[in-house]
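Listed here are the chains, written in short residue letters.
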Amino acid sequence: MPYLGGEDTVRELRRALSNPNVQSDQLRYRNTILKVIRAMSQGVDVSGLFSDMVKACATVDIVQKKLVYVFLCSYAALNPELSLLVINTLRKDCQDANPMVRSLALRNMTNLRLPSLMEYVEQPLTAGLRDRAACVRRVAVLGWAKLHNLQPNSEIDAAVVNELYSLLRDPDPVVMVNCLRALEEILKEEGGIAINKPITHHLLNRLKESDVWGQCEVLRILQRYRPQSEDELFDILSLLDASLVSPHPQVMAATLSLFLSLCSGLPAVSLAALERVRGPLLAACGSVSRELRFTALCHIQLLLRSLPGLMGAHYKRFFCGYAEPAYIKQRKMQVLVELVNDENVTMLLDELKGYCTDVNTDTAQAAISAIGRIGRSYSDRCLEILTGLLALKQEHITSAVVQTMRDLVWVCPQCSDTVCLALEGCEEMLQDSQGRQALLWLLGVYGEQVSSAPYTLEVFIDGVRSEVSLGVKMELLTTTMRLFLCRPAETQDMLGRLLHYCIEEEPDMCVRDQALLYYRLLHFGIEETQKVLQGRRSDPSLGVLIGRPAEPISQWACSFNTLEPLRQGTVETESTSRGSPEHVTFEPKPNTDLSDTLNCSQVEKVPSGSVSASRCTNSSADVPASSVAAPLSLSLSPALSPEEFERLWLQRQVLPTEQGDEKMEEDYMCLEEQIQFPAIPHCSPQSLQAAMQLVNIQTLAFTPPHTLPWRVYLYTHTQHAGDTPHITLILGELLYTGEANQRAVLKKGVCDRELAVEGGEEEQVEEEATADGQRVRVSMRKEGEEEELKVTLKQQPRDDKALKGFLSILTTVLHTLSSERK
């Protein structure tokens, strides 16, 4: 047929379909219908041929029937009245002697998806459940699920549900699996199919009869079942033992997920199961499918969190191939970092060094970053490699090396001398903003050790007018101020020029405000300026996170065999509470609500503490024991930037209410507690931050010790383990005002030092002289006495049990710090 326009094509096809000569020739008639389908797939509106195609379905040719049914299912919604003409033909085909015709008719009868035709479909579907052909029963079972999906609010027919339950023992394994899927859909509002002991053992005994996806479906549904005794548990594990080493990665992953769910209280059995899946996981890493290789690598990273040495002897299996895509290479390098030890560090560093010159810049930068992460434990060897890479004079390599060195000296300040020597002359090769920011940070913190620091800084200041990066300008201001404090004679003139430009000519308000801040700060003197700008050069608390012990399997078990491992960042994020906030680049999501930050949260579990706050203890009687005993998980991901935290904290204002300290809305909760602690406000920020991070609570900001009022801002994500995990975001503030600790009573007169007892409390009285020569008496609380700490928690979405569990964990951490301080 020559090419015609849309209307001409439909007109020509209608003429051919109604031609008696074409209808009498079966082959020509089929070819004409094929042309209709081809035009439909090309976007031509052929709905006008609906009545002609309805006539064409009355044939014994199965190929022609399939073609016509494809057309009818596509345009039935546009022609609901004409679709009634098809029902008689379909119902007649449901009684055909050929089981293929019967199954085809049933499938397309439910695919019409017209509520007006449901009364005509139910009887054939009911008969199809008892059909002697397995292919018909398969279609009939799924047909009932389609009908329920079409009208989800309709009343569930108990007879149909009972019939589907009975078909779980159908001899055909596909019918059995389809029944599981259909019952899950029909009984969704009731929690899905009811899994009891007979059904569980029946499904496990017939597991090998199903195909790969059928086995995965059965194993997924069985995760809801809990054995009644330990003997039953081990019987189930014995039935699953063969599937644990299945050659199909999908079955192996589903089986291990069920293993970990059943053995949550048996860590030794869970560890043994992880050892057994080592072989199948390594085989999946060598699969032809790139997607399968990437998924296997992501799940291996999960396993290494609990068994760091699981793949230690097979580290060569994670060496990158030349033709592998960049995302697989980068994930393999992350695994190699986890497998480093004293025996293989030399070989791994040589391998990673070769990746640093990869033609893909992302892969090269990831390799350099991996070397920097290894450098936290083997700094001398890694610094030698990084210094050698600077000699290559490649822009992307130099930028990645400088950023890696900055991260390395933050954690390992003993490397600063070597890094400062390597920085000489590398500013010419830095073209990207991230690399220049890293160089400026190093010059500002270690400027007194870099002889050419003022000259390098002058080049940046001379070109500030042409600088387009806001981050580089703000970093340049901070670096120049810091360098002025340690080398004033060489930096004074350029600092004046930079401040003048940023205040008088800079169009960006952020840069201008920062310049004004520094300008006004200088008016208070050098000492005050040093207090603000010359902070710590490293973060000792990050050392707590390096080489930490193996995590319990329960922290990540519920995320195994899901998309969560694939969603994790390509590189482990650094702590967000750095000494230099501009060191970390955040990408806040505009106009997001509290619940929006929870979509990609990584699930990590931490056992709840044993010490509860007073409010939690009093209100726990209203909560069922089973709910209180449910394990609570804390997670740091997705990470919040300080800007996001501030926006979310101020998003909900605490409103006074007559119900006490709890301000509650439908999906939001604010809780305030007064807790007694001996010495929390006097502990070091490093100790507090490290203790919080060990239980996956992130501190974003805190005031220095011995400063009043003393505040700490923190956040975490919580999740209860269970069939339907509920994830929430908790923002917190710790506030100590000092009112209960230092109560001064001033009295005129001359007094000697004495001990006063008031209200049964022992207080120490000291004499102080006022400006007019009079003496006053200051009453101080005795050292070691407990102090009052105000804890404010904001949560969304609301979950009372998670909030109280988090408060219990937080209380335990604070009590532990208090005891160590004493």
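Quick caveat: nothing in here was measured; it's all calculated off a predicted structure.

Visitor: Please explain the pattern of salt bridges as it appears in this structure.
Guide: Pairing between side chains of opposite charge can happen when the charged atoms of each approach one another. All told, the structure shown has 31 salt bridges when counted by the stated rule. Between R102 and D131 there is a salt bridge whose closest N-O contact spans 3.0 Å. Placement of the pair is R102 in helix 7 (residues 99-111) and D131 in the loop between helix 8 (118-129) and helix 9 (134-150), with a sequence separation of 29 residues. The exposure class assigned to R102 is buried, which follows from its relative accessible area of 5%. With a relative accessible area of 14%, D131 lands in the buried category. With a shortest N-O distance of 3.8 Å, R130 and E163 are connected by a salt bridge. Of this pair, R130 sits in the loop between helix 8 and helix 9 while E163 sits in helix 10 (residues 158-166), placing them 33 residues apart in sequence. For R130, a relative accessible area of 55% gives the class exposed. Here the residues in one salt-bridge network are E458, D462, D493 and R497, joined through shared partners.

Visitor: Help me understand the side chain of E324 in this model?
Guide: Secondary-structure assignment places E324 in the loop between helix 18 (290-304) and helix 19 (326-338). Of note is the side chain of E324, whose polar atom sits 3.2 Å from the side chain of R293. Those residues in contact with E324, other than ones at most four positions away along the chain, are R293, F319, K329 and K332.

Visitor: Help me understand the packing of aromatic side chains in this model?
Guide: Aromatic ring pairs: the centre-centre distance and the angle between the two ring planes describe each pair. Following the criterion strictly, the structure yields 9 aromatic pairs and no others. When the centroid spacing of 5.0 Å and the interplanar angle of 40 degrees are considered together, the rings of F71 and Y75 count as tilted. Of this pair, F71 and Y75 both sit in helix 5 (residues 62-75), 4 residues apart, which is roughly one turn of that helix. Here F71 falls in the buried class, since its relative accessible area comes to 0%. Between F645 and W649, the aromatic rings sit 5.9 Å apart at their centres with planes inclined by 10 degrees, giving stacked as the arrangement. You can see F645 and its partner W649 sitting in helix 35 (residues 642-651), 4 residues apart, about one turn around the helix. An aromatic cluster is defined as three or more aromatic residues linked by ring pairs; in this entry it consists of F50, F71 and Y75.

Visitor: Please explain the nonpolar core as it appears in this structure.
Guide: Where a protein is soluble and globular, its nonpolar side chains tend to be buried together. Membership of the largest hydrophobic core comes to 192 residues, with the highest contact counts inside it found for V46, F71 and F318. Not counting residues up to four positions away in its chain, the partners in contact with F318 are L282, C285, L297, I300, M311, K332, V335, L336 and L339. Counting 29 residues, the second-largest nonpolar core is a separate cluster that includes L632, L714, L803 and L817.

Visitor: Would you mind going over the packing of helix 29 (residues 509-522) against helix 30 (residues 526-533) with me for this structure?
Guide: In a pair of packed helices, the angle between the axes and the distance between the axes together describe the arrangement. Between helix 29 and helix 30, the least distance of the axes is 8 Å, while the angle of their chain directions is 140 degrees. In terms of orientation, helix 29 and helix 30 fall into the oblique class. From helix 29, Y518, L521 and L522 reach across to helix 30, where they touch E528, T529, V532 and L533. Classifying every residue of the contact of helix 29 with helix 30 gives 5 nonpolar, 1 polar and 1 charged.

Visitor: Is there a simple way to think about unusual backbone geometry in this case?
Guide: Peptide bonds are trans in most cases, and residues, glycine excluded, mostly fall at negative phi. Looking along the chain, the bond that leaves Q796 and enters P797 is cis, with omega of -5 degrees. Turning to its location among the elements, P797 is positioned in the loop between strand 10 (787-796) and helix 37 (800-821). Positioned with a positive phi, R113 is a non-glycine residue whose angle comes to about 55 degrees. By the element assignment, R113 lies in the loop between helix 7 and helix 8. Of note, the phi angle at K393 is positive, near 60 degrees, even though the residue is not glycine. Tracing the chain through its elements places K393 in the loop between helix 22 (379-390) and helix 23 (395-411).

Visitor: For this particular structure, what's the right way to read helix 8?
Guide: Every α-helix carries 3.6 residues per turn, so stepping three or four residues along brings you back to the same face. Its 12 residues place the ends of helix 8 17 Å apart at the C-alpha level, agreeing with the 16 Å of an ideal helix rising 1.5 Å per residue. Those residues of helix 8 that sit buried are M118, V121, P124, L125, G128 and L129. For helix 8, the buried positions fall inside an angular range of 140 degrees around the axis, keeping them on one side.

Visitor: Looking at this model, I keep getting lost on the environment of R465. Mind explaining?
Guide: Relative to the elements of secondary structure, R465 occurs in the loop between helix 26 (453-462) and helix 27 (470-486). Owing to a relative accessible area of 55%, R465 belongs among the exposed residues under this scheme. For the pair formed by R465 and Y501, sequence separation is 36 residues and the distance between their alpha carbons is 8.4 Å. Contacts of R465, omitting those with residues within four sequence positions, involve Y501 and E505.

Visitor: Before we go on, may I ask you to explain helix 7 in this structure?
Guide: An ideal rise of 1.5 Å per residue puts 18 Å on 13 residues; helix 7 measures up with 18 Å between its terminal C-alpha atoms. Of the residues making up helix 7, those classed as buried are V101, R102, S103, L104, A105, L106, N108, M109 and T110. Buried residues along helix 7 sit in contact with helix 5, helix 6 (84-93), helix 8 and helix 9. Between the side-chain oxygen at the start of helix 7 and the backbone nitrogen of M100 there is a gap of 3.0 Å, and the oxygen is on N98. R113 lies just past helix 7 and shows a positive phi near 55 degrees.

Visitor: I'm lost on the environment of E490 in this one. Help?
Guide: Along the polypeptide, E490 turns up in helix 28 (residues 488-504). For the pair E490 and A453, spaced 37 residues apart in sequence, the C-alpha separation works out to 9.7 Å. Here the side chain of E490 touches R487 through a polar contact of 2.9 Å, side chain to side chain.

How each quantity is defined
- Residues numbered from 1 in each chain as written.
- Predicted model: local features only at pLDDT ≥ 70, side-chain atom pairs only at ≥ 80, totals over all residues.
- Heavy atoms only, no water.
- Salt bridge = Lys/Arg side-chain N within 4 Å of Asp/Glu carboxyl O.
- Helix = DSSP H or I, 4+ residues; strand = E, 2+ residues; numbered from the N terminus.
- Buried < 20%, exposed > 50% of the residue type's maximum accessible area, 1.4 Å probe, protein only.
- Polar contact = N/O pair within 3.5 Å; in protein donor to acceptor, adjacent residues only side chain to side chain.
- Contact = heavy atoms within 4.5 Å.
- Phe/Tyr/Trp six-rings, centres within 6.5 Å; stacked < 30°, edge-to-face > 60°.
- Core = buried A, V, L, I, M, F, W, Y, C linked by side-chain atoms within 4.5 Å.
- Axes fitted to C-alpha atoms, helices over the stretch in contact; angles between N-to-C directions.
- Parallel < 35°, antiparallel > 145°, perpendicular 65-115°, else oblique.
- Nonpolar A, V, L, I, M, F, W, Y, C, P; charged D, E, K, R; others polar.
- Expected span 1.5 Å × (residues − 1).
- Arc of directions from axis to C-beta.

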